[in-house]
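# Structural characterization, general
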Amino acid sequence: MAAWVTGKVVQVKYWTESLFSLIVHAPVDPFTAGQFAKLGLEINGERVQRAYSYVNAPSNKNLEFYLVTVPEGKLSPSLHQLQPGDTLMVTKKSAGFFVLDEIQECENLWMLATGTAIGPYLSILEHREGLARFKHIILVHAVRFAQDLSYLPQMIGLQEQYNCRLRVQTVLSREQVPGSLTGRLTALIADGSLEASMGLQLAAANSHIMLCGNPQMVRDTQQLLEESRGMRKHLKSKPGHIISEHYW
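What this report covers is the structure whose coordinates are included nearby. In this text the structure is predicted, and so the values were computed from the model without any measurement.

### Here's the deal with the sheet that holds strand β6 (residues 87-91)
Strands sit in the order β4-β3-β6-β1-β2-β5 across an open sheet of six strands; the sheet is antiparallel. In the strand order of this sheet, the two ends are held by β4 (46-53) and β5 (63-68), each with one partner. When the angles between neighbouring strand axes are averaged without regard to direction, this sheet yields 40°. In this structure, strand β3 (residues 36-43) lies alongside β6, joined through two bridges in antiparallel fashion. Note that in β6 the partner of Gly-40 across the bridge is Met-89.

### Re the nonpolar core
Ranked by internal contacts, the top residues of the largest apolar core, which has 30 residues, are Met-111, Ile-118, Tyr-121, Leu-125, Leu-131, Leu-139 and Met-210. Listed by contribution, the elements that provide at least two residues to this core are β7 (108-114), α2 (119-127), β8 (136-143), α3 (152-161), β9 (166-172) and β11 (207-212). No other element matches the four residues that α2 contributes to this core. Setting aside chain neighbours within four positions, we find Leu-131 in contact with Leu-100, Leu-109, Met-111, Ile-124, Leu-125, Ile-137, Tyr-162 and Arg-165. In this structure, Val-9, Phe-20, Leu-67 and Leu-79 belong to the second largest nonpolar core, which totals 24 residues.

### Some thoughts on the packing of α2 against α3
At a minimum axis distance of 11 Å, the contact between α2 and α3 shows a crossing angle of 30°. Crossing of α2 against α3: the hand is left-handed. Here Leu-122, Leu-125 and Glu-126 of α2 come into contact with α3, specifically with Gln-154, Met-155 and Leu-158. Looking at the contact of α2 with α3 residue by residue, the classes come out as four nonpolar, one polar and one charged.

### So, the layout of surface pockets
If you add up the space inside the largest pocket, you get close to 1400 Å³. Along the walls of the largest pocket sit 45 residues, with Thr-114, Gly-115, Thr-116, Gly-213 and Asn-214 positioned nearest its centre. Listing elements by their share of the lining of the largest pocket, those giving two or more residues are β4, β5, α2, β8, α4 (185-190) and α6 (215-229). A total of six residues in the lining of the largest pocket trace back to one element, the largest contributor, which is α6. Grouping the constituent residues of the lining of the largest pocket by class yields 20 nonpolar, 16 polar and nine charged. The calculated volume of the second largest pocket comes to roughly 210 Å³. Contributing to the lining of the second largest pocket are 13 residues, with Phe-97, His-234, Ile-243, Ser-244 and His-246 lying nearest its centre. Of the residues that constitute the lining of the second largest pocket, the class distribution is six nonpolar, three polar and four charged.

The rules we used
- Residues numbered from 1 in each chain as written.
- Predicted model: local features only at pLDDT ≥ 70, side-chain atom pairs only at ≥ 80, totals over all residues.
- Heavy atoms only, no water.
- Pairing = 2+ DSSP bridges.
- Helix = DSSP H or I, 4+ residues; strand = E, 2+ residues; numbered from the N terminus.
- Axes fitted to C-alpha atoms, helices over the stretch in contact; angles between N-to-C directions.
- Core = buried A, V, L, I, M, F, W, Y, C linked by side-chain atoms within 4.5 Å.
- Buried < 20%, exposed > 50% of the residue type's maximum accessible area, 1.4 Å probe, protein only.
- Contact = heavy atoms within 4.5 Å.
- Left-handed = near helix turned anticlockwise from the far one by under 90°.
- Nonpolar A, V, L, I, M, F, W, Y, C, P; charged D, E, K, R; others polar.
- 1 Å grid on protein atoms, 1.4 Å probe; cavity = no way out; pocket = protein on both sides within 12 Å on 5 of 7 lines; lining within 4 Å.
- Points joined across faces, edges and corners; volume = space filled by probe spheres on them.

So, to be careful, I would describe these as geometric facts and stop short of saying anything about function.
The following block contains the structure:
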């Protein structure tokens with residue numbers, strides 16, 4: 001069974017009516033950038049828990065989690081009501097294999113996210129370690145509306161820090177805004193629009209793909225890349241080109 005520690009909420013950031021971030025202090029074990037923890041609350045006598053990726057770099061004591069309120073959800077509405085000074089439970093040990101150690105050296109590292117799944121990429125990029133072996137890093141954040149790009153200023157700041165090595169591309173599915181691509185991520189890969197916007201090729205010969213977000217998006221994108229680009233899922237026993245996170 002997972003060991004739990006008590007975390008104290010030190011800040012809540014409200015991005016939109018449904019998007020928010022919790023900043024927590026908790027005595028957790030060291031984690032690897034890209035991993036996740038579980039947050040939990042006692043609700044009606046039952047411990048309700050869900051997995052959320054760390055947004056912060058491992059060296060940052062401010063543990064940050066990016067969440068969306070699901071009205072019918074068991075946990076997120078209660079997490080949304082937390083205020084500084086409130087407590088919640090956090091798993092002491094992190095989990096997950098969505099880390100750079102799982103990725104082979106390649107020319108182009110594509111980080112594709114939808115919604116709140118931008119979190120692990122920000123943790124990896126803020127941490128900086130292990131990225132020097134990639135010539136180009138492409139960070140893609142796909143959401144419905146521009147207002148949902150909560151961490152865009154941080155993404156732009158990282159792009160400036162990495163100079164030409166990091167390229168940021170936003171994707172909006174329900175509105176058109178200058179600088180963002182419009183449409184579904186899978187369609188923009190299929191018709192070449194995403195590659196054209198970055199001026200880089202998404203190919204098995206030179207790329208590795210990280211996928212995090214809506215499970216259907218992950219499945220659809222993986223299938224598309226397998227069928228159209230000759231890529232395959234990365235396994236420890238059989239290295240490939242596509243890695244995705246599976247929360248448990």
